[in-house]
Amino acid sequence: MNRLKRIACSKLALLLISMVTVAVAQPGSPDNNTKLVSRSAIGAWMLNEDPAHPRLNCSVKFLPGRKGQPGFTILGPTRKMPGGVILFSGTDIPSTASPKDIQVELLQQTLPSTRLRATLLPRQPGDAAGALAVAAGDLRQTMKSMRDREHNMQLRLEGSTVFALDYDGLALARGSLFNCLEGRLFAGQTLKEARADIRPLGTSVIKGQAFFKGGLLAAKKYPPKGSEAVGLIWMTDEFKVWYEQVKRDKKMPQHIPLNILKHFLRTKVLDDQGGFMFTNMPAGEYLLIADYSYEKTVNQEEVIGRTDVFVGGNYIGSNAQITVGTYAYQQGLTFEKRVVVPADGQTIEVTLDKSQIMCFLVCF
């Protein structure tokens, strides 16, 4: 019973991680050209500017406050692209092998629907989200026509909704982008400063390898390169109190408070051997969680017919005709490991694995 309870708690922790997108970049990739414009319970706007090329390469991006939700980016002119582009991304946007011109329907509450020309883009390796781009020749006019907030803004492709999003705070994002287009630098927080506001930064590193091994002679199953298959929870006393309340309520919270948001992180798998790394971590206790799936095959017998047996013209029975089929399916995995960073500045190397070498049956 205690083991089942612990697994249930781990599932809840995983669900909490999957809900959270910290509205700043992942640790280890600080970018002083990307700055936080605004942040709310719905999400955050980030501005990217290029001081080396004033008036070019400006963009604002809306990052939703919950993991897995769609987002969109408004891109200004570059040396190769004189006009603007609005880039929509989301897991429901279909994939394509090469760029494809399409038409989508834009739906906004209280407004008539609008038909837009768009380009469906190929997905990046390891990225679960698809993307489509809508050209905005007069970017300023396009942004002026956009409302500060939207509820359930949708894009439909061939009658199916492929993108739906709530956002707010566009007015501030629009102002920062227009300033960038005028060559004026934004005076807001850099990503590193914004992260420090949300989560105290340290100088420690937690890195390692994640894999599953189903038996002594079984090959290791690694999470896909580029996937966000490894998550981390910073297990402070503040978080533990809040988490115990969530378990008592037996209900997922609609929004996670900012003081709790800082405890969740995800990182991308770095290579084909399940490598991962979290940087800028303070000393403390952490819970690493791996969550991914791998292809598993099973053999299954099927009766495809029967052969009647006769002796001396007398029927004595039937033999089943059997074939063996091999089937593949995706086997989901979730496992965890507690890690302690004793002091700031240390590098902790971890093998985040789930092995069944000593099991006669499946160990879960």
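Residues numbered from 1 in each chain as written. Predicted model: local features only at pLDDT ≥ 70, side-chain atom pairs only at ≥ 80, totals over all residues. Heavy atoms only, no water.

## A few points about the nonpolar core
Counting residues in each nonpolar core, the largest one holds 35 residues, and the members touching the most others are Trp45, Phe72, Ile74, Phe88, Leu132, Phe163 and Tyr167. Looking at this core, the element that brings in the most residues is helix α3 (residues 170-181), giving six residues. Non-local contacts of Leu132, meaning those with residues more than four positions away in its chain, are made with Ile86, Leu87, Phe88, Ile93, Ile102, Val104, Ala118, Thr119, Leu120 and Leu155. Core analysis: the second largest hydrophobic core is formed by 24 residues, Ala210, Phe276, Met281 and Ile348 among them. (Core = buried A, V, L, I, M, F, W, Y, C linked by side-chain atoms within 4.5 Å. Buried < 20%, exposed > 50% of the residue type's maximum accessible area, 1.4 Å probe, protein only. Helix = DSSP H or I, 4+ residues; strand = E, 2+ residues; numbered from the N terminus. Contact = heavy atoms within 4.5 Å.)

## Quick look at the side chain of Arg174
Tracing the chain through its elements places Arg174 in helix α3. Of the side chains bearing the opposite charge, Asp148 lies closest to the buried Arg174, which forms no salt bridge; the N-O distance is 5.6 Å. With sequence-adjacent residues up to four places away left out, Arg174 is seen in contact with Met143, Lys144 and Met146. (Lys, Arg positive; Asp, Glu negative; His and termini not counted. Salt bridge = Lys/Arg side-chain N within 4 Å of Asp/Glu carboxyl O.)

## Observations regarding the packing of aromatic side chains
Taken as a whole, this structure holds 14 aromatic pairs when the rule is applied. Aromatic pair Trp45 and Phe72: ring centres 5.5 Å apart, planes at 85°, arrangement edge-to-face. With Trp45 in strand β2 (residues 43-48) and Phe72 in strand β4 (residues 71-75), the pair connects residues that are 27 residues apart, well separated along the chain. You'll find Trp45 and Phe72 in the same group, each marked buried. Centroid distance Trp234 to Tyr286: 6.5 Å. Interplanar angle 20°. Geometry classified as stacked. Of this pair, Trp234 sits in strand β14 (residues 230-234) while Tyr286 sits in strand β17 (residues 284-311), and the two are 52 residues apart along the sequence. (Phe/Tyr/Trp six-rings, centres within 6.5 Å; stacked < 30°, edge-to-face > 60°.)

## Some remarks on the sheet that holds strand β7 (residues 114-121)
Strand order in the open sheet formed by eleven strands is β10-β9-β6-β7-β8-β5-β4-β3-β2-β1-β11, with antiparallel pairing between adjacent strands. Of all the strands in the sheet, the pair left with one neighbour each is β10 (160-167) and β11 (189-190). As paired elements, strand β1 (residues 34-39) and β11 share two bridges and run antiparallel to each other. The residue bridging Lys35 from the neighbouring strand is Thr190, located in β11. Most of the contacts of α3 go to β2, to which it runs at about 5°, and overall it touches β1, β2, β3 (59-64), β4 and β10. (Pairing = 2+ DSSP bridges. Axes fitted to C-alpha atoms, helices over the stretch in contact; angles between N-to-C directions.)

## Some details on helix α5 (residues 237-249)
The end-to-end C-alpha separation of α5 is 19 Å, in line with the 18 Å expected for 13 residues at 1.5 Å each. Those residues of α5 not exposed but buried are Phe239, Trp242, Tyr243 and Val246. Down the axis of α5, the smallest arc covering the buried residues is 100°, so these residues share one side. Away from the buried face of α5 by more than 90 degrees, exposed residues Asp237, Val241 and Arg248 are located. (Expected span 1.5 Å × (residues − 1). Arc of directions from axis to C-beta.)

## What about the state of the cysteines?
Here the structure, examined in full by the defined rule, presents one disulfide. One disulfide in the model links Cys58 with Cys180; its S-S distance is 2.0 Å. Where Cys58 bonds to Cys180 through sulfur, the torsion about that S-S bond is close to -80°, and the disulfide is left-handed. Of this pair, Cys58 sits in the loop between β2 and β3 while Cys180 sits in helix α3, and the two are 122 residues apart along the sequence. (Disulfide = S-S within 2.5 Å.)

## Some points on the environment of Val298
Structurally, Val298 can be placed in strand β17. Here Val298 falls in the partly exposed class, since its relative accessible area comes to 31%. Considered as a pair, Val298 and Tyr327 are 29 residues apart in the sequence and their alpha carbons are 5.4 Å apart.

## Digging into the confidence of the model for the protein chain
Put simply, the protein chain has an average pLDDT of 82, and 84% of its residues get 70 or more. Under a pLDDT of 50 for its full length, residues 1-8 has, in the predicted model, three contacts with residues more than four places off or in other chains. Low pLDDT, under 50, characterises residues 19-30; the stretch is placed with 42 contacts to residues that sit more than four places away or in other chains. (pLDDT = per-residue confidence, 0-100.)

## Some remarks on unusual backbone geometry
Backbone geometry at Asn57 places phi at a positive 60°, although glycine is not the residue there. Note that Asn57 resides in the loop between β2 and β3. Judged by relative accessible area, Asn57 falls into the partly exposed class, the value being 27%. You will see that Asn280, though not glycine, has its phi angle at about 60°, which is positive. Here Asn280 lies in strand β16 (residues 275-281).

## Let's talk about the pairing of strand β8 (residues 130-136)
Counting buried positions over the seven residues of β8 gives six, a clear majority of the element. The sheet contact formed by strand β5 (residues 84-90) and β8 spans seven bridges and is antiparallel. Bridge pairing links Gly84 to Ala136 in β8. Sheet topology places β7 next to β8; three bridges connect them, and they run antiparallel. When the sheet's bridge partners are listed, Leu121 is paired in β8 with Ala131.

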